[in-house]
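Secondary and tertiary structure notes
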Amino acid sequence: MHALFSLEKQRNAASQSRERLEREAQLDKMRQLEEEILSQRQYAHAHPPEPRQRGVPFEQVREMRAEHAAELARIKAEHAALLEAANQAKDEANEQILDLRARLMAAESARDSANDALEALRKQMSEIAEQQTSTEANEAALTHQVATLRAENSRLTEQVFAGEQLRRKLHNQVQELRGNVRVYVRVRPGHGALASLAYPDTLGHTALEVRSTSESATGNQVTKTYPFTFDHVFGPDASQDDVFTEVSQLVQSVLDGYNTTIFAYGQTGSGKTHTLEGPEVLSAAEQGLIPRAMEMLWDVAARMRSQGWEYSFDAQMVQIYLDNIYDLLGDDGQQKHEIRHEGDRTVVTNVVTVPVEGPAHVHKLLATAKKRRAVAATLMNQRSSRSHSVFMLRVRGRCVTGEACDATLNLVDLAGSERLNTSGSAADPTRLREAQSINRSLSSLADVIGALGGGKHVPYRNSTLTWLLRNSLGGNSKTLMLLALSPMADHLGETLWQ
Ligand code: ADP
Ligand code: MG
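Residues numbered from 1 in each chain as written. Chains lettered and ligands numbered in written order. Predicted model: local features only at pLDDT ≥ 70, side-chain atom pairs only at ≥ 80, totals over all residues. Heavy atoms only, no water.

Per an unreviewed UniProt entry, the protein chain is named Kinesin-like protein, and its organism is Malassezia cuniculi. Its UniProt record gives the protein chain the following Sequence similarities (unreviewed entry) comment, quoted word for word: "Belongs to the TRAFAC class myosin-kinesin ATPase superfamily. Kinesin family. KIN-14 subfamily." (UniProt positions renumbered as here; feature names shortened; annotations may be inferred.)

Summing up its helical and strand segments, the protein chain has 11 helices and 14 strands in all. Compactness check: the protein chain gives a C-alpha radius of gyration of 67 Å against a globular reference of 23 Å for 498 residues, more than 25% above the reference. With respect to the three principal axes, the spread of C-alpha positions in the protein chain is 220 × 85 × 55 Å. Evaluated residue by residue, the protein chain yields a buried proportion of 35% over its 498 residues. The contacts of the protein chain with a sequence gap of at least 6 include a subset with a gap of at least 24, amounting to 67%. (Helix = DSSP H or I, 4+ residues; strand = E, 2+ residues; numbered from the N terminus. Rg over C-alpha atoms; globule rule 2.2 N^0.38 Å. Buried < 20%, exposed > 50% of the residue type's maximum accessible area, 1.4 Å probe, protein only. Contact = heavy atoms within 4.5 Å.)

Moving on, we come to the site of ligand 1. Taken together, Arg186, Arg188, Pro189, Gln267, Thr268, Gly269, Ser270, Gly271, Lys272, Thr273 and His274 form the complete shell of residues around ligand 1. A distance of 2.8 Å is found between an oxygen atom of ligand 1 and a side-chain nitrogen or oxygen belonging to Arg188. In the complex, the protein chains occlude 67% of the 550 Å² of accessible area that ligand 1 would expose alone. Ranked by residues supplied to the shell around ligand 1, first place goes to helix H4 (residues 272-276) with 3 residues. For the shell around ligand 1, a count of residues per class yields 1 nonpolar, 7 polar and 3 charged. (Near = heavy atom within 4 Å. Polar contact = N/O pair within 3.5 Å; in protein donor to acceptor, adjacent residues only side chain to side chain. Areas by Shrake-Rupley, 256 points an atom, 1.4 Å probe, with all protein chains shown as cover. Nonpolar A, V, L, I, M, F, W, Y, C, P; charged D, E, K, R; others polar.)

To continue, consider helix H3 (residues 240-255). Its 16 residues give H3 an end-to-end C-alpha distance of 22 Å, which sits within 8% of 22 Å, the value for a rise of 1.5 Å per residue. Within the sequence span of H3, burial applies to Gln240, Val243, Phe244, Glu246, Val247, Ser248, Leu250, Val251, Gln252, Ser253, Val254 and Leu255. Phi for Gly257, located one or two positions after H3, is positive at around 105°. (Expected span 1.5 Å × (residues − 1).)

Right, let's get into the sheet that holds strand E4 (residues 221-229). Within the open sheet, the 3 strands sit side by side as E2-E3-E4. Their pairing is antiparallel. A single partner strand is all that each edge strand has here, and the edge strands are strand E2 (195-198) and E4. If you compare each strand with its neighbour and ignore which way they point, the axes differ by 25° on average. With 4 bridges joining them, E2 and strand E3 (residues 207-215) adopt antiparallel strand pairing. Each residue of the ladder has a partner; that of Ala195, found in E3, is Ser212. (Pairing = 2+ DSSP bridges. Axes fitted to C-alpha atoms, helices over the stretch in contact; angles between N-to-C directions.)

Here we come to unusual backbone geometry. Not every positive phi belongs to a glycine, and Leu322 is a case in point at roughly 50°. Among the secondary structure elements, Leu322 is positioned in the loop between strand E7 (309-321) and strand E8 (324-327). Here the phi dihedral of Asn350 falls at roughly 60°; this positive angle occurs in a residue that is not glycine. Positionally, Asn350 belongs in the loop between strand E10 (345-348) and strand E11 (354-355).

Quick look at the pattern of salt bridges now. A full pass over the atoms with the stated rule returns 21 salt bridges. Among the salt bridges present, the one from Asp99 reaches Arg103, with a minimum N-O distance of 3.1 Å. Here Asp99 and its partner Arg103 are both found in helix H2 (residues 58-178), 4 residues apart, which amounts to about one turn of the helix. Among the residues examined, Asp99 registers a relative accessible area of 37% and is labelled partly exposed. The residue Arg340 makes a salt bridge to Glu338 at a minimum N-O spacing of 3.9 Å. Looking at Arg340, the relative accessible area reads 42%, which means it is partly exposed. Accessibility expressed as a relative area gives 43% for Glu338, which makes it partly exposed. Each member of the salt-bridge network shares a partner with another, and the members are Glu164, Arg167, Arg168 and Asp256. (Salt bridge = Lys/Arg side-chain N within 4 Å of Asp/Glu carboxyl O.)

Structurally, Leu208 can be placed in strand E3. Leu208 gets classed as buried once you look at its relative accessible area, which sits at 0%.

In this section: the packing of H3 against helix H5 (residues 289-304). Geometrically, a packed helix pair is captured by the angle between its two axes and the distance between the axes. With their axes 9 Å apart at the nearest point, H3 and H5 run at an angle of 50° to one another. One finds that H3 runs oblique with respect to H5. Of the two elements, H3 crosses H5, and the hand of that crossing is right-handed. Along its contact with H3, which presents Gln240, Asp241, Val243, Phe244, Val247, Ser248, Val251, Gln252 and Leu255, the element H5 presents Leu289, Arg292, Ala293, Met296, Leu297 and Val300. When grouped by side-chain class, the residues that make up the contact of H3 with H5 number 10 nonpolar, 3 polar and 2 charged. (Parallel < 35°, antiparallel > 145°, perpendicular 65-115°, else oblique. Left-handed = near helix turned anticlockwise from the far one by under 90°.)

Across its 121 residues, H2 extends only 158 Å between first and last C-alpha, which sits more than 12% below the 180 Å expected from 1.5 Å per residue. Of all the positions in H2, only Phe161, Glu164, Arg168, His171, Asn172 and Gln175 are classed as buried. Among the residues trailing H2, Gly179 stands out with phi positive, at a value near 110°.

The subject of this paragraph is the UniProt feature "binding site: ATP" (unreviewed entry) in the protein chain. Sequence positions flagged by UniProt for "binding site: ATP" (unreviewed entry) are, in local numbering, Gly266, Gln267, Thr268, Gly269, Ser270, Gly271, Lys272 and Thr273. Turning to its location among the elements, Gln267 is positioned in the loop between strand E6 (260-265) and H4. On the basis of relative accessibility, which here comes to 11%, the residue Gln267 falls in the buried class. Looking at the secondary structure, you find Gly271 in the loop between E6 and H4.

Laid out in structure tokens, this is it:
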């Protein structure tokens, strides 16, 4: 209790002293303030304030106002410019936005179509992949097919070669059956005074009748009919092409390797040269056997190329006059020409050989020959009909199979067969010699042809003509005697009976 009391006493005492202290501090502060106010009053007294200026001069005010107005105008203008720029920027921005939107749309559609294309490509790729798989399968099948076809092809090629060999054999058999020696007659257009001709075999064209009418002793008209048979009879209507069609089989035989000779026999003016060469002024329809044979040889050779054959053609052309040989393609001076037989081949010395470049080339050769014949002759017209002219074409073929052939086609325009040793010719020694020479050579030709196939001795040596053609007459050779007949001839019968 005591302790409590003392504590209370102490606490009271402490608060009393604290209050006293606070009062004293306040009193100090008041005293300080009073001193301060006093000092300020003193200072204020010592420094009285300067009299205040009242208002600003009017000029200055106006200037300031003007400045303010200008400033304001400037600010406004600046503001307007800024506003405009801001608007413009806004417009541009809007435009850009529009543009960007458009681009965005375009880009989107491009993206869409790219996606479509991509999709299509993917599809294609998968299709291609599928195709490739099937192509690979096909390829294997094709390779197999190719191999099969190759085998087939070489089998067929062999067949073709074998077929060509067979064709040759059969063609030759047919030719032999028809006769290795044939006689055709061709009657040129015109009317005879002494005899009339008839062609009774309209289908086979093998018959010719000569009808001659004469007066009997009793004064009656008597008609005699002389029938003849030939391998073929061409009437006056037969064209050059008709004649060639028959002859073309023999031309084929040349390509097959058989020597072949075609003689044109008959009186002067009966159509020998017309048949062999054609008329002086040529049209394609009128060209004769020689150019037609050339064209055929050329065509067949071209076709045979696919079967492995290569052909070459070499021409020679000579004239036999008074049993002497003259070169019609060379520059023939006084050259001597000899006939030599070397195995199966006949060679005439110093005779020019021209490699034929084509059918057109033959026309040139015939023209050259015609000119040379004219130059060599003193009496050209007569002489050309009194000499034999021989066109010789050597045809050589070589096949890839190793087969080869070598044959000559002779086309002979014989001297006129009219009788020259009658009356006038006997008086003229040259004509007599010509006549004797022609008669000898024609009759020895007849002897040779007559002896062929008869197993008899064949008298080739009896004339230059038969000696020249020795290798082309007889054996496997083909011979055609083409009798040219003019209905105007005085001795029609003679030609036929000779
Ligand atoms: P050869 O050579 O036999 O002497 P040619 O061939 O020169 O006779 O013929 C004598 C004439 O008769 C020539 O003018 C010829 O054009 C003509 N000639 C011959 N045969 C025929 C024919 N079949 N068609 C038309 N004219 C022909
Ligand atoms: Mg003639």
